[in-house]
Amino acid sequence: MIKRIGLVVLALLLLLVFSPVKAESDISVLDSSVTMDFPYSLAFNLEVEGNADIVDARLHYQVDRMNYARVVSEGWAEFTPATRVETSWVWDMRKASLPPGAKVTYWWTIKDADGDEFQTSSAVVYFKDDRYQWQNLTDGEITIFWYEGDNSFASELMNACQEGLARLTQEFGAYLERPINIHVYASSQELQGAMIFPQEWTGGVAFTEFGIIAIGISPDSIGWGKEALVHELTHLVVHQLVFSPYGSLPVWLDEGLAMYNEGELSLQLRSRLEEAVSEGTLLSVRSLCSPFSADPEKAYLSYAESYSLVEYLLDNYNGDNMLDLLTLIKQGSTYDEALTEAYGFDIDGLDTRWRESLVTSPVIAVSQSPEPFASCHSERSEESHPASIAGLSTLTVSAGVR
Ligand SMILES: [Zn+2]
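All figures in this text were calculated on a predicted structure; none of them were measured in a lab.

Asks: Can you walk me through the overall build of the protein in this structure?
Replies: When helices and strands are tallied, the protein shows eleven helices and twelve strands. Counting all 402 residues of the protein, 36% fall into the buried class. A separation of at least 24 residues holds for 68% of the contacts in the protein among residues at least 6 apart in sequence.

Asks: How should the pairing of strand E8 (residues 135-139) be read in this particular structure?
Replies: Looking along a regular strand, one sees the side chains alternate between the two faces of the sheet. Pairing analysis gives five bridges linking E8 to strand E9 (residues 142-146), with the strands arranged antiparallel. Pairing of Leu-137 across the sheet is with Ile-144, part of E9. With antiparallel pairing between neighbouring strands as the criterion, E8 and E9 make up a hairpin whose turn holds two residues, including Gly-140 at a positive phi of roughly 60 degrees.

Asks: Any chance you could explain the sheet that holds E8 here in plain terms?
Replies: Note on sheets: strands pair through backbone hydrogen bonds, and any given pair is parallel or antiparallel. In spatial order, the strands read E8-E9-E10-E12-E11; together these five strands make up an open sheet with mixed pairing. A single partner strand is all that each edge strand has here, and the edge strands are E8 and strand E11 (204-207). If you compare each strand with its neighbour and ignore which way they point, the axes differ by 15 degrees on average. The sheet contact formed by E11 and strand E12 (residues 212-216) spans four bridges and is antiparallel. For Ala-206, the partnering residue across the bridge sits in E12 and is Ile-213. The sheet contacts of helix H2 (residues 151-172) involve E8, E9 and strand E10 (180-185), and relative to E9 the element is tilted by about 150 degrees. Of the strands in this sheet, E10, E11 and E12 touch helix H4 (residues 222-242), which is tilted by about 160 degrees from E12.

Asks: Even after reading the chapter, I still don't get the nonpolar core, so can you show me in this structure?
Replies: The tendency in soluble globular proteins is for nonpolar side chains to be buried side by side. With 76 residues, the main nonpolar core has Cys-161, Ile-182, Val-184, Ile-213, Ile-215 and Leu-229 as its most contacted residues. Both domains that furnish three or more residues to this core are identified here as domain 1 (28-127) and domain 2 (135-365 + 373-401). Ignoring any residue separated from it by four or fewer positions in sequence, one finds Cys-161 in contact with Ile-142, Leu-229, Val-230 and Leu-233. Val-48, Ala-57, Leu-59 and Ile-110 belong to the second-largest nonpolar core, a separate cluster that totals 14 residues.

Asks: In this structure, what is going on with the pairing of strand E1 (residues 28-37)? I would like to understand it.
Replies: Taking burial as the measure, the ten residues of E1 include zero buried ones, a minor fraction of the element. In this structure, the hairpin formed by E1 and strand E2 (residues 41-63) is closed by a connection of three residues.

Asks: Sorry, what's going on with the confidence of the model for the protein here?
Replies: In low-pLDDT regions, the fine details of the predicted coordinates are not to be read closely. Taken over all residues, the pLDDT of the protein has a mean of 85, while the share at 70 or more is 83%. In this model residues 1-23 is a low-confidence stretch, pLDDT under 50, and it forms zero contacts with partners more than four residues away in sequence or in other chains. Considering only residues more than four positions removed or in separate chains, one finds that residues 365-402, a stretch of pLDDT under 50, has 98 contacts.

Asks: How should I be thinking about the packing of helix H8 (residues 319-330) against helix H9 (residues 335-343) in this particular structure?
Replies: Contact pair H8 / H9: the axes reach a minimum separation of 9 Å and the direction vectors enclose 150 degrees. With respect to H9, the axis of H8 lies roughly antiparallel. The element H8 and its partner H9 pack so that their crossing is right-handed. Contacts between H8 and H9 involve Asn-321, Asp-324, Leu-325, Leu-328 and Ile-329 on the former and, on the latter, Ala-338, Leu-339, Glu-341, Ala-342 and Tyr-343. When grouped by side-chain class, the residues that make up the contact of H8 with H9 number seven nonpolar, one polar and two charged.

Asks: Is there a simple way to explain H2 in this structure?
Replies: Each turn of an α-helix holds 3.6 residues, which means side chains three or four residues apart point in the same direction. Its 22 residues place the ends of H2 32 Å apart at the C-alpha level, agreeing with the 32 Å of an ideal helix rising 1.5 Å per residue. Considered for burial, the residues of H2 that qualify are Phe-153, Leu-157, Met-158, Ala-160, Cys-161, Gly-164, Leu-165, Leu-168 and Phe-172. Along the long axis of H2, the arc covered by the buried residues comes to 155 degrees, so they all point the same way. The exposed set on the far side of H2, more than 90 degrees from its buried face, consists of Asn-151, Ser-152, Asn-159, Glu-163, Ala-166 and Gln-170. Residues of H2 that are buried in the fold lie against E8, E9, E10, H4, helix H5 (251-262) and H8. Positioned one or two residues after H2, Gly-173 has a phi angle of 75 degrees, which is positive.

Definitions and cut-offs
Residues numbered from 1 in each chain as written. Predicted model: local features only at pLDDT ≥ 70, side-chain atom pairs only at ≥ 80, totals over all residues. Helix = DSSP H or I, 4+ residues; strand = E, 2+ residues; numbered from the N terminus. Buried ≥ 20, exposed ≤ 12 C-beta atoms within 10 Å, placed from the backbone. Contact = placed C-beta atoms within 7 Å. Pairing = 2+ DSSP bridges. Axes fitted to C-alpha atoms, helices over the stretch in contact; angles between N-to-C directions. Core = buried A, V, L, I, M, F, W, Y, C linked by C-beta atoms within 7 Å. Domains from an automatic or database assignment. pLDDT = per-residue confidence, 0-100. Parallel < 35°, antiparallel > 145°, perpendicular 65-115°, else oblique. Left-handed = near helix turned anticlockwise from the far one by under 90°. Nonpolar A, V, L, I, M, F, W, Y, C, P; charged D, E, K, R; others polar. Expected span 1.5 Å × (residues − 1). Arc of directions from axis to C-beta.

Laid out in structure tokens, this is it:
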């Protein structure tokens, strides 16, 4: 009996050692790594060996962003079939760029000439701007990355963000649904160095679907920086709130909420608004549903009116009405339908009531320091919502002088 058991054990051992059954795959991955050349490219490298010629190596990758469905993209590495292959697939950011700090999950599928297939386990890479030594500070859903200025600089920015979030919750019950990462560069110039095709006016960018803000704030411009940051943060919160395949926000509402949450309207914009009221040159609310004019004078007025419209709605109605409006737009209602259901009047009705309110309680340019206000000059796209926070005053200067 003992002998027989011994034989069985031996046979099993022999089976294990000399098993004609192939292991899962004859393909072995010797190296899988990523080389980053921020902001230009991300190279996924692969070194692989097999008994038969390796004939196919495909990279699968998934970007961490808000999506309507799970999206996995693929890239084919090019190489000559051989039993040992060293290859890579390069993501050229000039074609489809990623914001700083974007998270990418990836894995490879490799095939050989025998039809064997091997899949690597998934790995994660962050598209970090490794030209700087980043420090980070997290509070709740917000993380600030920065490299110039001390801890109190980051804390002050964080406090402004948390207060901005609290105001949105208090005003109409909005809150962050996804974490947000903020990359604070030390200047607009350094921020622009993080972009492949920077606009001269770019002072900050909100990548709404990625939950990422990239902004240039030097420690000595923190007053402006806090407002600009709250402006962009508001865009992200509101975009998370209305994210759906059905609707997009009218520009006046998107920009108006962001400006309103920054704080008081600047003296400069208040005067511009007052002037348009007295001269009868206000732009219609309907026209402000579409992207604003590139003409700086009209853009000033568009921002001022957007602020004023949101102020009118929040001051004269409940926060619930605003939340309803946003929810209805998310669900695909037209702007007229959404306004009518949430407030009882459509775009033209809003236009009339708001104009009346400006006449009965005129906008008075209260005395305050003429700080440049933070604003977006946005090019709305499916990819992101790039938004300059250079402030229109800065914008005018840079657009006019350079
Ligand atoms: Zn904006």
